[in-house]
Amino acid sequence: MKLHRTLWFVLAIFWQSQSLAAIEMTTATNLEETAKTAQVKNIPIALLISFKGLNSTRDLKEEAIFPNLLSGQFDDAAIFQEIQVNTEGKTIDFYGEALPNSEYQTLFNVSHLPVLIFVDTSGNHLTSPLIAGNYEFYGHYLKQKLNQALDALNNPMRLE
C-alpha cells in the first residue's frame, strides 16, 4: 500500500514537471506581427521582460506564470511573450525596426526584472507592470491586470 502511494506521488510529480515543461512562453521576435494578431483579437500583449539566468526569472515562470497559463483560464485573453534583455540578438519592435534586446528594458521603462507588462498594439502601457511577488496570489493579480488591460482596449471580456 505504501509503495502504491509512493508510485502515484512520483508519477504526479513527473506529470506536473512534464506539463510545466510543455508550457513555454514564446520568445518575442517580431512585435509588429504580434501586434497585428493582438489587434484582430482586440487583446493586450503581455510581455515578460526578463534576465536570462536570473533565479527570480526562472522562479517566476515556473512557480507563477506557467501554472497560471497551464490552467487555460488566460487562453485568448492576451498574447504572452518574453524578451530576455541580456541575450544577444534583436527583436523587431512595433514599428518594424530591429532593436537589440538590451534596449527593451529602457524602451518600456522598467527598473525591476523580471516584470510582466501589458501593452497595446503600439507598445503603449495599458496598466502598471506586474512585478514578481507572492506567487500564491500571482494568478489573482494577473487577472486584475488583464481585466484592466482589456478594459483599456474597450474589450468586454473579463476574467473571473
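Definitions and cut-offs
Residues numbered from 1 in each chain as written. Predicted model: local features only at pLDDT ≥ 70, side-chain atom pairs only at ≥ 80, totals over all residues. Heavy atoms only, no water. Helix = DSSP H or I, 4+ residues; strand = E, 2+ residues; numbered from the N terminus. Areas by Shrake-Rupley, 256 points an atom, 1.4 Å probe, with all protein chains shown as cover. Contact = heavy atoms within 4.5 Å. pLDDT = per-residue confidence, 0-100. Buried < 20%, exposed > 50% of the residue type's maximum accessible area, 1.4 Å probe, protein only. Pairing = 2+ DSSP bridges. Core = buried A, V, L, I, M, F, W, Y, C linked by side-chain atoms within 4.5 Å. Polar contact = N/O pair within 3.5 Å; in protein donor to acceptor, adjacent residues only side chain to side chain. Lys, Arg positive; Asp, Glu negative; His and termini not counted. Salt bridge = Lys/Arg side-chain N within 4 Å of Asp/Glu carboxyl O.

**A short note on the overall build of the chain**
Here is step 1: Looking only at helices and strands, one finds five helices and seven strands in the chain.
Here is step 2: Along its sequence from the N terminus, the chain presents helices and strands in the succession α-β-α-β-α-β-β-β-α-β-β-α.
Here is step 3: As displayed, the chain has an accessible area near 9200 Å², and 53% of this comes from carbon and sulfur atoms.

**Some thoughts on the environment of Phe94**
Here is step 1: Structurally, Phe94 is set in the loop between strand S4 (90–92) and strand S5 (98–100).
Here is step 2: When residues no more than four places from it in sequence are discounted, the contact partners of Phe94 are Leu31, Glu32, Ala35, Ile45, Phe108, Val119, Asp120, Thr121, Ser122 and Gly123.

**What to know about the confidence of the model for the chain**
Here is step 1: For the chain, the average pLDDT comes to 87, and 85% of its residues sit at 70 or higher.
Here is step 2: Taken as a whole, residues 7–22 scores under 50 in pLDDT and shows five contacts with residues more than four places along the chain or in a different chain.

**What about the pairing of strand S6 (residues 115–119)?**
Here is step 1: Most of S6 is tucked away, with five of its five residues classed as buried.
Here is step 2: Here S6 shows two buried faces, one formed by Val115, Ile117 and Val119 and the other by Leu116 and Phe118.
Here is step 3: Looking at chain direction, S6 and strand S7 (residues 130–131) are connected through two bridges and run antiparallel. Within S7, the residue paired with Val115 across the bridge is Ile131.

**A look at the nonpolar core**
Here is step 1: Core analysis: the biggest nonpolar cluster contains 22 residues, and Ile65, Phe80, Leu116, Phe118, Leu142 and Leu146 have the highest contact counts within it.
Here is step 2: In terms of residue count, helix H3 (residues 55–70) provides more of this core than any other element does, five residues in total.
Here is step 3: The contacts of Phe118, once residues within four sequence positions are left out, are Ile45, Ala46, Asn124, His125, Leu126, Thr127, Ser128, Leu130, Leu142, Lys145, Leu146 and Ala149.

**A look at the environment of Asp59**
Here is step 1: Along the chain, Asp59 turns up in helix H3.
Here is step 2: Residues Asp59 and Ala132 lie 73 residues apart in sequence; the distance between their C-alpha atoms is 9.3 Å.
Here is step 3: Contact partners of Asp59, with chain neighbours within four places excluded, come to Ala64 and Tyr135.
Here is step 4: Within the local environment of Asp59, its side chain forms a polar contact with the side chain of Arg58, the two groups lying 2.9 Å apart.

**Examining the side chain of Asp93**
Here is step 1: Inspection of the secondary structure puts Asp93 in the loop between S4 and S5.
Here is step 2: Of the side chains with opposite charge, Lys90 lies nearest to the buried Asp93, which makes no salt bridge, at 11 Å.
Here is step 3: A distance of 2.8 Å separates the side chain of Asp93 from the backbone nitrogen of Tyr95, its partner in a polar contact.

**Description of the pattern of salt bridges**
Here is step 1: Enumeration over the complete set of coordinates arrives at four salt bridges.
Here is step 2: Note that Arg58 is salt-bridged to Asp59, the shortest N-O span being 2.9 Å.
Here is step 3: For Asp151, the salt bridge identified is with Arg158, shortest N-O distance 3.1 Å.
Here is step 4: Look at Arg158 and you get partly exposed, because its relative accessible area is 35%.

**A word on unusual backbone geometry**
Here is step 1: A cis geometry characterises the amide bond from Leu113 onward to Pro114, with omega recorded as -5 degrees.
Here is step 2: As for its placement among the helices and strands, Pro114 is situated in the loop between helix H4 (104–107) and S6.
Here is step 3: If you check the backbone angles, Asn42 has positive phi at about 55 degrees while not being a glycine.
Here is step 4: In this structure Asn42 comes out as partly exposed when scored by relative accessible area, which is 29%.
Here is step 5: Positive phi values are uncommon outside glycine, yet Asn154 reaches one of about 55 degrees.
Here is step 6: Positionally, Asn154 belongs in the segment after helix H5 (138–152).
Here is step 7: You can call Asn154 exposed: its relative accessible area is 68%.

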